[in-house]
Structure formats: C-alpha cells, structure tokens
Amino acid sequence: MNDLPQRLEAEARGRYVRWSPALWQELLAGPAAEYANALHAAGLSAEGEALLTSYLTLARDGIGLGYLAPAASGARNFFTVAFSEVLPRKLAGLKPARQAELLAACWNLGENLESQAAWLDRVFATELRELPSLEKLETMVERISTGMQQAPDQRLSPEWPVVMIDLAAVDHRFLPGAVRFLTPTVVCVYDRARSGAGGEVPTLGVWLRETPVILGPVAVDEPPPKPADDPLWKRVNERDPRLSTRFAAVANDWRAVCTLNTSQCLFALLPGEQP
C-alpha cells in the first residue's frame, strides 16, 4: 500500500483541474490514517486493504471534483462530514461487505446533494454527524426525504398547540422577520435587522417536525418576502395573547409560523393536543 497514495495522486493530477495536493496530504495524515488504523485494529488485512483503497479512491475523486473541503475552511457539507469525520471513525467496526456498501452509498448521496440546495445538504450533514451507527444510514435518508420533501398526511388545524422555537440559541443576534416556506415543513426565517456587506440577509432554516429542528443558516437566492399576516393567526391569537404583536405570519396546508415584533423566537403550529 506504500505507493497507493502516490499512484492515486498521479492519476488525479492528470484528470482534475481542481486537484489540491495540500488537501490530499491533509486527508492522508488525518482521516485516511484514522481509518487505516481502525481497519488494522479490527484485524482486517486483505479485506482492509481493499476497503482502504476504495475509501482513498472515492475521497481522491471528491477532492478533484471539489466536494471535499479543507478543515481550515470550516465547511461542513455532507461529503466532507462523511469522508473526513464519520466514515473513518464508524465504518471499520462493520463487516467488510457492509463497509463497501456504505462507502458507495455515502459517495452517491454526497454527489447527489452537490446538485441540491445548500440547506438540504446541511440537513443531511447534521443528521449524519449525529447518527449513532452507520447501519442506520438508509433509515436516515428515508426519514429526511419523506419528512422534508413530502407533504404530511395530517392537515393544519388552528387548534394545534403553539410551539415556541428560540432562534437566539443558534444566533444570539438573530431578530426574526419575514418567513418563507422552502418545503411543506421547512421554513427560511430572515433576520430583519442585519444584512451582509453584499446586501445578503442572514437566514435560519427550521424543520417543523413535531419536535422542531433549527437547521442553521440556509442559502437562498430569493430576497425576504414582504411581511404579511395570515388570517389563521388571528384565530390563534384569541387563545394565545402573546401573538398579538405579529411581525410576519405565514401558513400552508400543513404548517403555520409567525414572528413577533418583540421576540427572538419563531412560533409555530405543530401537530399535537392543546395542554
């Protein structure tokens, strides 16, 4: 195996215009060495050599295609999380055939996500990092794909409980303003008090599951919509006086959210019984 990294790099130099020798060396010294040591500790010899070759080949191609980011960049897209963090640490304990399947699955998923919205890649990266076992990868993909992209079976009701989601827990300066639905259960919340040097407005994504998940910043091309009110919230306000100072309120057929003039929280109607 001593000459494998050199052979793979030589191929990459002739194949990829975006090839990064520095990032390749970073991978070899860190994640690849970690995976190699784990394979050795698991007692895998010939099978371990084949698995390490597959890992290095896929990671090499990820560098050449620009999927893998250096640690110093702070980028944590799915491909980087998978090949720099999760696979080297959690893969070697599985049977060799299963390791090969999961290497291919993470490559395919990471490549597909490169052509999707950045916020969706962030969701998969976050969930992958928190996955207790890679055996749950397929279940995770199905859960996210179904929960985010497809409309829920249960339709919105004004009698659902009001859930308060503290966005300041993620960004202490964030002042929620206008809101836009990205999918039936994912919203983008725009900061109404800040903008970047280029005029971009800070955003936070929220996945409106029964237990909401703050997704962190989401990159969207659309500017903030004009704040509006939704008649549904006037009915909700009758039983919850906190919501009388609405800044923006939106609803679709499955979820409803509002922001207030005086709060750093997002308020949502989510399935459940009134307390």
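Just above, that's the structure.
Only a predicted model underlies this, so the values are computations on that prediction, with no experimental measurement involved.

1. Focus on the overall build of the protein
When helices and strands are counted, the protein shows 8 helices and 8 strands. Along the longest, intermediate and shortest principal axes, the C-alpha atoms of the protein span 70 × 40 × 25 Å. Within the protein, contacts between residues at least 6 apart in sequence are counted, and of these 62% link residues at least 24 apart.

2. A word on the environment of Val 162
Relative to the elements of secondary structure, Val 162 occurs in strand 1 (residues 162-166). Judged by its relative accessible area of 16%, Val 162 is buried. Between the C-alpha atom of Val 162 and that of Asp 240, which follows or precedes it by 78 residues, the distance is 8.2 Å.

3. Some details on the packing of helix 5 (residues 96-113) against helix 7 (residues 137-149)
It is at 11 Å that the axes of helix 5 and helix 7 come closest, and there the two elements cross at 30 degrees. It follows that helix 5 is roughly parallel to helix 7 by the angle criterion. Contact with helix 5, carried on its side by Arg 98, Leu 102, Ala 105, Cys 106 and Leu 109, involves Leu 137, Glu 138 and Val 141 of helix 7 and no other residues of that element. A per-class count over the contact of helix 5 with helix 7 returns 6 nonpolar, no polar and 2 charged.

4. Quick word on the sheet that holds strand 8 (residues 265-269)
Spatial strand order, 1-8-7-6: 4 strands in an open sheet with antiparallel pairing. One side of each edge strand has no neighbouring strand; the edge strands of this open sheet are strand 1 and strand 6 (246-251). Direction aside, the axes of adjacent strands within the sheet are offset by 20 degrees on average. Pairing analysis gives 4 bridges linking strand 7 (residues 256-260) to strand 8, with the strands arranged antiparallel. Residue pairing across strands places Thr 259 opposite Leu 266, the latter belonging to strand 8.

5. Observations concerning the pairing of strand 3 (residues 186-191)
Look at any regular strand and the pattern is simple: side chains alternate between the two faces of the sheet. Taking burial as the measure, the 6 residues of strand 3 include 6 buried ones, the bulk of the element. Two elements, strand 2 (residues 176-183) and strand 3, share 5 bridges in a ladder whose sense is antiparallel. Of the residues in strand 3, the one forming a bridge with Thr 183 is Val 186.

6. A short note on helix 5
With 18 residues, helix 5 should cover 26 Å at 1.5 Å per step; its first-to-last C-alpha distance of 26 Å lies within 8% of that length. Every buried residue of helix 5 is accounted for by Arg 98, Gln 99, Leu 102, Leu 103, Cys 106, Trp 107, Leu 109, Gly 110 and Leu 113. On its buried face, helix 5 sits against helix 2 (21-41), helix 3 (46-64), helix 4 (78-90), helix 6 (118-129) and helix 7.

7. Quick word on the packing of aromatic side chains
Across all of its chains, the model carries 7 aromatic pairs by this definition. Seen in terms of ring centroids, Trp 19 and Trp 24 are 5.6 Å apart; in terms of plane orientation they differ by 55 degrees. Their pairing is tilted. With respect to burial, Trp 19 and Trp 24 carry one shared label: buried. Both rings, one in Phe 79 and one in Trp 107, keep their centres 5.4 Å apart while their planes meet at 80 degrees; by these two values the pair is edge-to-face.

8. Points about the packing of helix 2 against helix 3
Helix-helix packing is described using two parameters, namely the angle between the two axes and the distance between the axes. Running from N to C, helix 2 and helix 3 cross one another at 155 degrees; their axes reach a closest spacing of 11 Å. In terms of axis orientation, helix 2 runs roughly antiparallel to helix 3. Once helix 2 is placed against helix 3, the crossing between them reads as right-handed. For the pair helix 2 and helix 3, contact is made by Leu 23, Trp 24, Leu 27, Leu 28, Pro 31, Ala 32, Tyr 35, Ala 36 and Leu 39 and by Gly 48, Leu 51, Leu 52, Tyr 55, Leu 56, Ala 59, Arg 60 and Ile 63, respectively. Taken together, the residues of the contact of helix 2 with helix 3 break down into 15 nonpolar, 1 polar and 1 charged.

9. Comments concerning the pattern of salt bridges
Enumeration over the complete set of coordinates arrives at 17 salt bridges. Taking the shortest distance from any N to any O, the salt bridge between Glu 85 and Arg 129 comes out at 3.3 Å. One end of the pair, Glu 85, is in helix 4; the other, Arg 129, is in helix 6, and 44 residues separate them in sequence. Look at Glu 85 and you get buried, because its relative accessible area is 14%. What makes Arg 129 partly exposed here is its relative accessible area of 35%. Put simply, Asp 171 and Arg 194 hold a salt bridge, and the shortest N to O gap is 2.6 Å. In this pair, Asp 171 is assigned in the loop between strand 1 and strand 2 and Arg 194 in the loop between strand 3 and strand 4 (203-207), connecting sequence segments 23 residues apart. Here the residues in one salt-bridge network are Glu 11, Arg 15, Arg 60 and Asp 61, joined through shared partners.

Reading the values: rules and limits
- Residues numbered from 1 in each chain as written.
- Predicted model: local features only at pLDDT ≥ 70, side-chain atom pairs only at ≥ 80, totals over all residues.
- Heavy atoms only, no water.
- Helix = DSSP H or I, 4+ residues; strand = E, 2+ residues; numbered from the N terminus.
- Contact = heavy atoms within 4.5 Å.
- Buried < 20%, exposed > 50% of the residue type's maximum accessible area, 1.4 Å probe, protein only.
- Axes fitted to C-alpha atoms, helices over the stretch in contact; angles between N-to-C directions.
- Parallel < 35°, antiparallel > 145°, perpendicular 65-115°, else oblique.
- Nonpolar A, V, L, I, M, F, W, Y, C, P; charged D, E, K, R; others polar.
- Pairing = 2+ DSSP bridges.
- Expected span 1.5 Å × (residues − 1).
- Phe/Tyr/Trp six-rings, centres within 6.5 Å; stacked < 30°, edge-to-face > 60°.
- Left-handed = near helix turned anticlockwise from the far one by under 90°.
- Salt bridge = Lys/Arg side-chain N within 4 Å of Asp/Glu carboxyl O.

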